[in-house]
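Single-letter residue listing:
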Amino acid sequence: MKPAVKLFTPFFIFIISMPLFSQKYETHNYETLFSDDSFEVRMYEPVLKAKTFSTEGSNNNFGKLFRYISGYNQNNEKIAMTTPVYMKQEEKGSMMEFVLPSKFNMDNVSMPKSQNVEVYLDEGGHYASIQYGGYSNTNKRDRYTKALMKKLKEHDIESVGDFFYLSYDSPYKFYGRRNEVIVSVKY
């Protein structure tokens, strides 16, 4: 085999396989009201969410929510995955929420069979966000939470409530990952 073909073949296979690792999920709608680099102020639309808590970490939360959308609900209905996944730390432990597809409302959504999963209407509202890439971890969440607080102070915007950590990508997406820290604001 010629050297050029040896080099080109793995590259060609990589390019062809890229669609396998890309994702097309419905995303929670919002309107960007203000932007400054990776900092934004947004108006989020109301949306249904499925929420759970755990004292054992976020992997346990993901499993509970994934079972719900995989059919462990009143209608045994599979529910499409959406983005982002919302996470935060609370007194009870870690909290995780999945956004439900926009076709659902409180009248047509299949309720969870598990008492550990709650479906509720999130009213939306004004949120400030800062975006970062790569795989998220505690150090990155802390660093970007501080960066978001700094941007809020620079723009004289008051935050309300807790910070949420958002993940938009499956663990299998390696390139172009999107994570955010968001907080409700008076705007």
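Just above sits the structure.
Report on the accompanying structure. Since the structure is predicted, the reported quantities are computational estimates derived from the model, not experimental observations.

### Details of the pattern of salt bridges
Now for step 1: Scanning the entire structure with this criterion turns up 10 salt bridges.
Now for step 2: Across the salt bridge formed by E90 and K88, the nearest N and O atoms sit 3.0 Å from each other.
Now for step 3: Relative accessible area serves as the criterion here: at 11%, K88 is assigned to the buried category.
Now for step 4: Linking E154 and K151 is a salt bridge whose minimum nitrogen-to-oxygen distance equals 3.7 Å. Separated by three residues within a single helix, E154 and K151 lie in helix α3 (residues 138–154), roughly one turn from each other.
Now for step 5: On the accessibility criterion, K151 (16% relative accessible area) is buried.
Now for step 6: The structure contains a network of salt bridges with shared partners spanning E40, R42, R178 and E180.

### Quick look at a nonpolar patch on the surface
Now for step 1: A surface patch of nonpolar side chains, amounting to about 270 Å² of accessible area, comprises L33, M43 and Y187.
Now for step 2: In this structure, M43 sits in strand β3 (residues 39–44).

### Observations regarding the nonpolar core
Now for step 1: Within the largest apolar cluster, 14 residues are counted, with the highest numbers of intra-cluster contacts made by A50, Y68, L100 and V109.
Now for step 2: Secondary structure elements with two or more residues in this core: β4 (47–54), α2 (58–69) and β7 (93–99).
Now for step 3: Considering every element that reaches this core, the biggest residue donor is α2, with three residues.
Now for step 4: If sequence neighbours within four positions are ignored, V109 has contacts with L48, Y68, L100, F104 and V119.

### Quick look at the sheet that holds strand β10 (residues 158–167)
Now for step 1: Taken in spatial order, the nine strands of this open sheet run β2-β3-β9-β11-β10-β6-β7-β4-β8, and their pairing is antiparallel. Of all strands in the sheet, those with a lone pairing partner are β2 (30–36) and β8 (118–122), marking the two edges. On average, adjacent strands in this sheet sit at an angle of 30° to one another, irrespective of strand direction.
Now for step 2: Bridge analysis of strand β6 (residues 85–90) against β10 gives three bridges, and the strand direction is antiparallel. In the strand pairing of β10, Y86 is matched with L166.

### Section: the environment of G134
Now for step 1: By the element assignment, G134 lies in the loop between β9 (125–132) and α3.
Now for step 2: Note on G134: relative accessible area 28%, which makes it partly exposed.
Now for step 3: Spatially, the C-alpha atom of G134 lies 7.8 Å from that of F174, the residues being 40 residues apart in sequence.
Now for step 4: Not counting the four nearest positions on each side in its chain, G134 is found in contact with K140, R177 and N179.

### Examining the packing of aromatic side chains
Now for step 1: Using the criterion set out here, one finds seven aromatic pairs in the structure.
Now for step 2: Aromatic pair Y30 and Y44: ring centres 5.1 Å apart, planes at 45°, arrangement tilted. Of this pair, Y30 sits in strand β2 while Y44 sits in strand β3, placing them 14 residues apart in sequence.
Now for step 3: With a centroid separation of 6.1 Å and an interplanar angle of 80°, the aromatic rings of Y86 and F164 are classed as edge-to-face. Linking Y86 in strand β6 with F164 in strand β10, this pair joins segments that are 78 residues apart in sequence. Neither Y86 nor F164 differs from the other in exposure class; each is buried.
Now for step 4: Among the aromatic residues, those joined into a cluster by ring pairs are Y30, Y44 and Y127.
Now for step 5: The ring of Y120 has K51 sitting right over it, with the charged end atom 4.7 Å from the ring centre.
Now for step 6: Note that R177 overlies the ring of Y135, its terminal NZ or CZ placed 4.1 Å from the centroid.

Parameters at a glance
Residues numbered from 1 in each chain as written. Predicted model: local features only at pLDDT ≥ 70, side-chain atom pairs only at ≥ 80, totals over all residues. Heavy atoms only, no water. Salt bridge = Lys/Arg side-chain N within 4 Å of Asp/Glu carboxyl O. Buried < 20%, exposed > 50% of the residue type's maximum accessible area, 1.4 Å probe, protein only. Helix = DSSP H or I, 4+ residues; strand = E, 2+ residues; numbered from the N terminus. Patch = residues over 30% accessible without salt bridge, like charges linked within 9 Å, V, L, I, M, F, W, Y side chains within 5 Å. Areas by Shrake-Rupley, 256 points an atom, 1.4 Å probe, with all protein chains shown as cover. Core = buried A, V, L, I, M, F, W, Y, C linked by side-chain atoms within 4.5 Å. Contact = heavy atoms within 4.5 Å. Pairing = 2+ DSSP bridges. Axes fitted to C-alpha atoms, helices over the stretch in contact; angles between N-to-C directions. Phe/Tyr/Trp six-rings, centres within 6.5 Å; stacked < 30°, edge-to-face > 60°. Lys NZ or Arg CZ within 6 Å of the ring centre and 35° of its normal.

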